[in-house]
Amino acid sequence: PEPTPGFPLPSEHTQEAHDPASDFTSKWTRADAKQIMAQSDSTVAPGENSMSPDVTMPEIPEDFPTMNEDVWVWDTWSLTDENANQISYKGWDVVFSLVADRNAGYGFDQRHWNARIGYFFRKTNADPAKDKWNYGGHIFADGASIGNTEWSGSTRLMQGNHVNVFYTATTFDDVAERNAGRGGTPPDAAIAKALGNIHADQNGVTFDGFEHTKLLEPDGKMYQNKDQNPGFAFRDPYTFEDPAHPGKTYMVFEGNTGGTRGDYECKEEDLGYQPGDPNAENLDEVNSSGANLQTANVGLAVADNKDLTKWSFLPPLLSANCVNDQTERPQIFIQNEGGKNKYYLFTISHQFTYAAGMRGPDGVYGFVGDGVRSDYQPMNNSGLALGSPTDLNLPSESPEKPTANQNGRQFQAYSHYVQPGGLVQSFIDNVNGVRGGSLSPTVKINFRNGISAVDRSFGQNGLGPFGYLPTNVRVGGEGHY
Ligand code: FRU
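On a predicted model such as this, the values are computed, not experimentally measured, just so you know.

Would you mind going over the overall build of the protein chain with me for this structure?
Helix and strand counts for the protein chain stand at 4 helices and 27 strands. Its C-alpha atoms give the protein chain a radius of gyration of 21 Å, near enough to 23 Å, the size a compact globule of 481 residues would have. Taken over the C-alpha atoms alone, the protein chain extends approximately 65 × 55 × 50 Å along its principal axes. Across the 481 residues that make up the protein chain, the buried fraction comes to 52%. Looking at the protein chain alone, contacts between residues at least 24 apart form 64% of all its contacts between residues at least 6 apart.

In C-alpha cells form, the structure reads like this:
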C-alpha cells in the first residue's frame with residue numbers, strides 16, 4: 001500500500017504456512033497496528049466515527065430488545081463440529097453464553113466474577129426476527145465445574161449425542177468478594193472440558209452427564225502464568241481440525257507471552273518497521289514508554305489422544321508483544337479462495353489493552369495466511385476487521401467510564417464472533433449510555449485476500465436480526481417436528 005504521510009509502512013508478511021508444530025510465531029507488529037490510525041480520519045468533528053465505514057459496525061439502536069429478563073448475556077457461541085459448522089441438533093439451534101444473574105445486586109460490569117455458562121435453544125426454522133431464544137439455564141450443575149466461575153469457550157458435537165464443552169475454569173480464591181461481584185484477588189485460570197450428552201425432543205434441548213477434565217494450565221515459558229503476572233490471560237479455548245493435517249485436533253486460546261511481567265523487552269521484530277522508514281520508532285524509546293508490558297498472544301495446543309483429554313502446548317501462533325495485551329476468543333475460519341484454503345485467525349481486543357503509543361477500537365481483528373501457522377498478514381493491512389464506531393482521535397476509554405464527547409457507541413458491542421458466511425455476532429455493552437447484556441444485531445462482513453468490508457445491504461442498513469446465529473449443518477433427524 002501507499003504510505004499515509006506521517007505514518008510508517010506496515011510490515012511485510014508472506015502468509016506462508018509453517019508446520020503447526022514448528023516454533024514460527026507470526027507477529028502483529030506496531031508497524032501493522034499503526035495502520036489503524038493511518039486509515040483513520042483525523043479531521044472528523046469530535047465524537048464522530050473516524051474509522052472507514054468498511055470496518056465500522058453499523059449503529060445499534062438504543063431501544064434494543066432484552067434477550068432474557070433474568071440473566072445478562074455476553075460472550076456467545078454455537079454448537080459446532082470440528083470444522084466450525086454450526087449444528088442444528090434434531091431441529092434445534094443451540095447457543096451457549098456467559099450469563100450472570102441480573103437481580104443479584106451487582107452491576108453489569110461485575111458480571112465476570114459470577115459468570116456461568118448458560119444455553120439457549122430455538123427451532124431451526126424459527127423467524128429470527130420474531131421468535132425468542134428459549135433459556136435452558138446453566139449447562140453445568142452448581143459447583144460441578146472445575147473452578148468457581150466459568151469463562152468462555154466453545155462447544156463441539158462429538159459422536160452420537162456426546163458434546164464436549166471446552167471452557168475457562170476461572171477460580172476466585174476470595175469467594176465472599178466474588179459473590180459480592182467485586183472479584184477480589186485476580187483469578188486462577190485453567191482450560192477445561194466437560195464431556196456430556198445433549199438431548200432433544202419436541203419440548204426443547206437438555207444436557208446431562210457432564211464429566212469435567214482439566215486440560216491445560218499455563219507453563220510459564222510460552223504462556224504466562226499467574227505467578228508471573230496476576231493479570232495474566234489464559235482462556236477461551238476453541239478446538240478444530242485442520243484439513244491440511246487430518247487426524248489431529250488443535251486448540252487456539254488467549255494467552256500472554258511467558259515470563260515475569262515487565263521483563264519482556266520489545267524487539268525490532270515486534271516493531272516491524274521496514275528498513276529506513278522515516279516514520280519508524282526507536283526501539284529504546286518504545287521500551288521506555290512501557291509498551292513492553294503488553295504481551296498478548298494467540299496460543300496453540302494439540303490433542304494427544306482421541307478423547308481430547310490430553311493436550312500439549314505448541315508455540316503461539318501470533319504475538320502482539322508491545323502492541324496489545326489481550327487477543328481474546330481466538331478462532332480459525334477457513335475459506336476457500338480461488339481453489340485454495342485461506343486461514344483466517346480472528347480475535348477480539350479492546351481499546352484499553354493497547355500498548356503505549358498505539359490506538360484502536362474495541363472489536364474483532366483478523367489475520368490471513370496459508371495455514372494454521374502462517375506468517376499471518378493482518379486484515380486490511382492493520383488487523384482491524386470490525387470495530388464499534390469510535391473517534392480514534394480522542395484518547396482511549398473503558399466501557400465503564402466513557403467520556404461525554406466520545407462517540408456514544410464506542411462500546412456498543414464486544415466479543416464479536418465470525419460465523420459461516422461472514423455473519424458476525426456479538427453482545428451489546430453500552431449504546432449511548434444504555435447498558436446491554438443482550439446479543440447484538442448480527443452483521444455481515446465480506447472478505448477475500450485479507451480485505452474486508454461491512455455488507456450494508458444485509459438486514460436493515462447492515463443490521464441483521466438480534467442474536468442471529470443460524471445453523472448450516474443438520475444432525476440427528478427432525479426432533480421437534
Ligand atoms: C471476552 C472475555 C473473555 C472471557 C470473558 C469473561 O469478553 O474477556 O476473554 O472469557 O470475557 O467474562
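Once you've had a look at it, read on.
Would you mind going over the pairing of strand β24 (residues 434-439) with me for this structure?
The side chains of a regular strand alternate between the sheet's two faces. Two strands pair when backbone bridges link them, and strand β23 (residues 423-431) and β24 are joined in this way by 4 bridges, in the antiparallel orientation. Counterpart to V431 in the pairing with β24 is V434. Taking the residues that link successive antiparallel strands as the turn, the β23-β24 hairpin has 2 residues, and the phi of N432 there is positive, at about 55°.

Please clarify how the pairing of strand β12 (residues 235-241) should be interpreted in this entry.
Counting buried positions along β12 yields 6 of 7 residues, so the element is predominantly enclosed. Sheet analysis places β12 next to strand β13 (residues 249-256), joined by 5 bridges and oriented antiparallel. Paired with E241 across the two strands is T249, which belongs to β13.

What's the story with the sheet that holds strand β2 (residues 26-27) in this structure? I'm lost.
Backbone-to-backbone hydrogen bonds pair the strands of a sheet. The strands run either parallel or antiparallel. Taken in spatial order, the 5 strands line up as β2-β15-β14-β13-β12 in an open sheet, and their pairing is mixed. Looking along the sheet, the strands with just one partner apiece sit at the ends: β2 and β12.

Whenever I open this one, the site of the ligand confuses me. Can you help?
In the vicinity of the ligand lie 14 residues, with H112, W151, S152, E328 and S415 positioned nearest. Those elements that place two or more of their residues in the shell around the ligand are β8 (149-157), β12, β16 (328-337) and β22 (413-419). For the shell around the ligand, a count of residues per class yields 4 nonpolar, 4 polar and 6 charged.

How should the environment of Y376 be read in this particular structure?
Structurally, Y376 is set in the loop between β19 (373-374) and β20 (377-378). Taking the number of C-beta atoms within 10 Å as the measure of exposure, Y376 has 29 and is therefore buried. Considering only alpha carbons, one finds Y376 and G366, 10 residues apart in sequence, at a separation of 9.2 Å. Setting aside residues up to four positions removed in sequence, Y376 forms contacts with H13, S26, L318, L345, F367, V368 and G369.

Hey, could you run me through the nonpolar core in this one?
Counting 118 residues, the largest nonpolar core has V252, L345 and A385 as its most contacted members. Take this core: its biggest share by element is 7 residues, from strand β5 (residues 92-101). With residues near it in sequence (within four places) discarded, L345 still touches V298, L317, L318, P330, I332, G366, F367 and Y376.

Would you take a moment to explain unusual backbone geometry for this structure?
Residues other than glycine predominantly adopt negative phi, and peptide bonds predominantly adopt the trans conformation. Unlike most non-glycine residues, D236 shows phi in positive territory, near 70°. Mapped onto the elements, D236 comes out in strand β12.

Would you mind going over helix α1 (residues 30-38) with me for this structure?
Because an α-helix completes one turn every 3.6 residues, residues spaced three or four positions apart along the sequence face the same direction. Across the 9 residues that make up α1, a large majority, 8, are buried. Within α1, the full set of buried residues consists of R30, A31, D32, A33, K34, Q35, I36 and A38. Contacts made by the buried residues of α1 are with α3 (268-271), β20 and β21 (384-387).

Would you mind showing me how to read the environment of N164 here?
Topologically, N164 is positioned in strand β9 (residues 162-171). Among the residues examined, N164 registers 21 C-beta atoms within 10 Å and is labelled buried. When the C-alpha atoms of N164 and S154 are compared, they prove to be 8.4 Å apart, with 10 residues separating the residues in sequence. For N164, the residues in contact, after removing those within four places along its chain, are R156, M158, K193, L195 and L308.

Looking at this structure, I do not really get the confidence of the model for the protein chain. What am I missing?
For residues with low pLDDT, the predicted coordinates do not support detailed interpretation. A residue-level look at the protein chain finds 99% of positions with pLDDT of 70 or above and a mean pLDDT of 96. Interface scoring of the predicted complex returns ipTM 0.92; its pTM is 0.97.

Is there a simple way to explain the environment of G467 in this structure?
Structurally, the position occupied by G467 is in the loop between β26 (451-454) and β27 (473-475). In this structure, the C-alpha to C-alpha distance between G467 and V424, residues 43 residues apart in sequence, is 9.8 Å. Setting aside anything within four residues of it in sequence, one finds G467 in contact with M67, W133, Q425 and L439.

Thresholds applied
- Residues numbered from 1 in each chain as written.
- Predicted model: local features only at pLDDT ≥ 70, side-chain atom pairs only at ≥ 80, totals over all residues.
- Helix = DSSP H or I, 4+ residues; strand = E, 2+ residues; numbered from the N terminus.
- Rg over C-alpha atoms; globule rule 2.2 N^0.38 Å.
- Buried ≥ 20, exposed ≤ 12 C-beta atoms within 10 Å, placed from the backbone.
- Contact = placed C-beta atoms within 7 Å.
- Pairing = 2+ DSSP bridges.
- Near = placed C-beta within 6 Å.
- Nonpolar A, V, L, I, M, F, W, Y, C, P; charged D, E, K, R; others polar.
- Core = buried A, V, L, I, M, F, W, Y, C linked by C-beta atoms within 7 Å.
- pLDDT = per-residue confidence, 0-100.

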